[in-house]
Amino acid sequence: MTGSASDLGTAAGILRLGNRFCDAKALLTAVRLDLFTVLDDGPATEEELRVRLGLHGRGLGPFLALLTALGLLHRQADGRYRNSESAARHLVTGRPGAVVGFLHGADVNLYPVYGKLTEALRTGRPQAAGDYLGMLRDPVATGRFARMMDGVTAGLGDPVLAALDEVAGPEGLDGLGGPEFTSVLDVGGCRGHLLGQLLTARPGLRGHLFDLPQLEPFFDAHMAERGLTERAVFHGGDFFRTPLPPADVLIYGHVLHDWDPARRQRLLDAAFEAVRPGGALVVYDRMLGERSDDTENLVASLNMLLMTEGGGEYTLAELTGQVRAAGFAAPVHRPLADFDTLVVCRRP
């Protein structure tokens, strides 16, 4: 959240904006300590929290007071702290609407590299200490990344299906559960959090997921947990080198923004080869220029600068040109969740 125009008209407002990273780090630290999950068991005093979280105690009072001022905690008349309604809904580990996995990832991966934004802007080079393939050699880090991606795709299954149904017509897309469209391929779908939502909503659908081989154990565990093992298949490979398996519907969710325009085109060309005639390509990303306030999506584009070799957010017009160059029909689009744009285009 940025300061309003009136806030930035004063020195105090500008200083407050410059210190917003302190608020962010307070939230990320509370998530790392699992404070909100601890408080889900019931309100607790400062001393009770000190003991349960294994903390020294110095600074804990101001820390809890800051989280209260930010609206994440409430301090009761008896001095005990409890979660705010929003924190209880989104910051308790294991809740359906929780975003703690993403925030853990932001704390570990994004927060440190923002200190190197100046260098990134001067050189155009990513600033992360390691790379994605290096992370995949560490099962703990890979698991943390997979949970981070769960937070990004939470609740997207129904709107994705609704968009596909909306472009249905007597000549084609009559719903994923229909006789023509019985398979969906999620490319770069990590452990299958979105795919699991789609398969649960449409019992007649079979699912495929394509990602690097190191993610297969996490996919298998997640599908087993959801009871979907018999309807979901993992395909391991590098999508720049390995042909994608065929499917009626192919999804690129938060994938294309990882790459420069030339590589995005290669991925769209590969999608055209994989989607069966009459099928559909689904893309969602934080596309620029589609919201009245682009602040969050511009930040996301800087994330790509810091974390990837050539990635960045892009406009709907750019994507339209590229999907048509690949051979797809003109896309339809709609807002998705808080910041994404969802695009659906047919293969003739």
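Residues numbered from 1 in each chain as written. Predicted model: local features only at pLDDT ≥ 70, side-chain atom pairs only at ≥ 80, totals over all residues. Heavy atoms only, no water.

Participant: Looking at this structure, how should I read the pattern of salt bridges?
Facilitator: For side chains bearing opposite charge, pairing can occur when the charged atoms are close. A complete count under the given rule lists 11 salt bridges for this structure. Between Glu309 and Arg125 there is a salt bridge; the shortest N-O distance is 2.7 Å. One end of the pair, Glu309, is in the loop between helix H15 (295-307) and helix H16 (316-326); the other, Arg125, is in the loop between helix H8 (117-123) and helix H9 (132-136), and 184 residues separate them in sequence. In the salt-bridge network here, residues are joined through shared partners; they are Lys25, Arg32 and Asp107. (Salt bridge = Lys/Arg side-chain N within 4 Å of Asp/Glu carboxyl O. Helix = DSSP H or I, 4+ residues; strand = E, 2+ residues; numbered from the N terminus.)

Participant: What am I meant to see in the sheet that holds strand E8 (residues 332-336) here?
Facilitator: Sheets are built from strands paired through backbone hydrogen bonds, the pairs being either parallel or antiparallel. Taken in spatial order, the seven strands make up an open sheet running E5-E4-E3-E6-E7-E9-E8, and their pairing is mixed. If you trace the sheet from one side to the other, it starts and ends with strand E5 (232-236) and E8, each paired once. Put simply, the sheet's adjacent strands are angled 20° from each other on average, direction ignored. Summarising the sheet, strand E4 (residues 206-211) and E5 pair through five bridges and their orientation is parallel. Residue His208 lies in a different strand from E5, and its bridge partner there is Val233. Contacting strand E7 (275-285), E8 and strand E9 (340-346), H16 runs over the sheet at an angle of about 20° to E9. (Pairing = 2+ DSSP bridges. Axes fitted to C-alpha atoms, helices over the stretch in contact; angles between N-to-C directions. Contact = heavy atoms within 4.5 Å.)

Participant: Even after reading the chapter, I still don't get the side chain of Asp186, so can you show me in this structure?
Facilitator: With respect to the helices, strands and loops of the structure, Asp186 is situated in strand E3 (residues 183-187). Buried charge without a partner: Asp186 forms no salt bridge, and the closest opposite charge is Arg226, 11 Å away. Contact partners of Asp186, with chain neighbours within four places excluded, come to Leu194, Leu195, His208, Leu209, Phe210 and Ile251. (Buried < 20%, exposed > 50% of the residue type's maximum accessible area, 1.4 Å probe, protein only. Lys, Arg positive; Asp, Glu negative; His and termini not counted.)

Participant: Looking at this model, I keep getting lost on the environment of Val187. Mind explaining?
Facilitator: Considering the arrangement of structural elements, one finds Val187 in strand E3. Overall, Val187 belongs to the buried group, its relative accessible area being 0%. For the pair Val187 and Tyr252, spaced 65 residues apart in sequence, the C-alpha to C-alpha distance is 5.6 Å. Val187 has contacts with Phe210, Phe239, Leu244, Leu250, Ile251, Tyr252 and Val255, leaving out every residue within four places of it along the chain.

Participant: Explain the packing of aromatic side chains to me, please; I cannot follow it from the model alone.
Facilitator: The description of an aromatic ring pair uses the distance of the two centres, along with the angle that the planes make with each other. According to the stated counting rule, one finds five aromatic pairs in the structure shown. Judged by centre distance (5.2 Å) and plane angle (85°), the ring pair of Phe239 and Phe240 falls under edge-to-face. Taking the relative accessible area as the measure of exposure, Phe240 reaches 19% and is therefore buried. On the basis of an interplanar angle of 85° and a centroid distance of 4.8 Å, the ring pair of Phe240 and Trp259 is categorised as edge-to-face. Of this pair, Phe240 sits in the loop between E5 and strand E6 (247-253) while Trp259 sits in the loop between E6 and helix H14 (261-274), and the two are 19 residues apart along the sequence. Note on Trp259: relative accessible area 22%, which makes it partly exposed. Feature note: the residues Phe239, Phe240 and Trp259 constitute an aromatic cluster, connected by ring pairs. For Lys25, the ring lying beneath its charged end belongs to Tyr111, and the centroid distance is 4.6 Å. Between the NZ or CZ atom of Arg347 and the centre of the ring of Phe272, over which it lies, the distance is 4.2 Å. (Phe/Tyr/Trp six-rings, centres within 6.5 Å; stacked < 30°, edge-to-face > 60°. Lys NZ or Arg CZ within 6 Å of the ring centre and 35° of its normal.)

Participant: Got a minute to help me understand unusual backbone geometry in this structure?
Facilitator: Glycine aside, a negative phi is what most residues show, and trans is what most peptide bonds show. One non-glycine residue with positive phi stands out, namely His254, at about 55°. Among the secondary structure elements, His254 is positioned in the loop between E6 and H14. The backbone of Ala337 sits at a positive phi, close to 55°, despite the residue not being glycine. Tracing the backbone through its elements, the reader meets Ala337 in the loop between E8 and E9.

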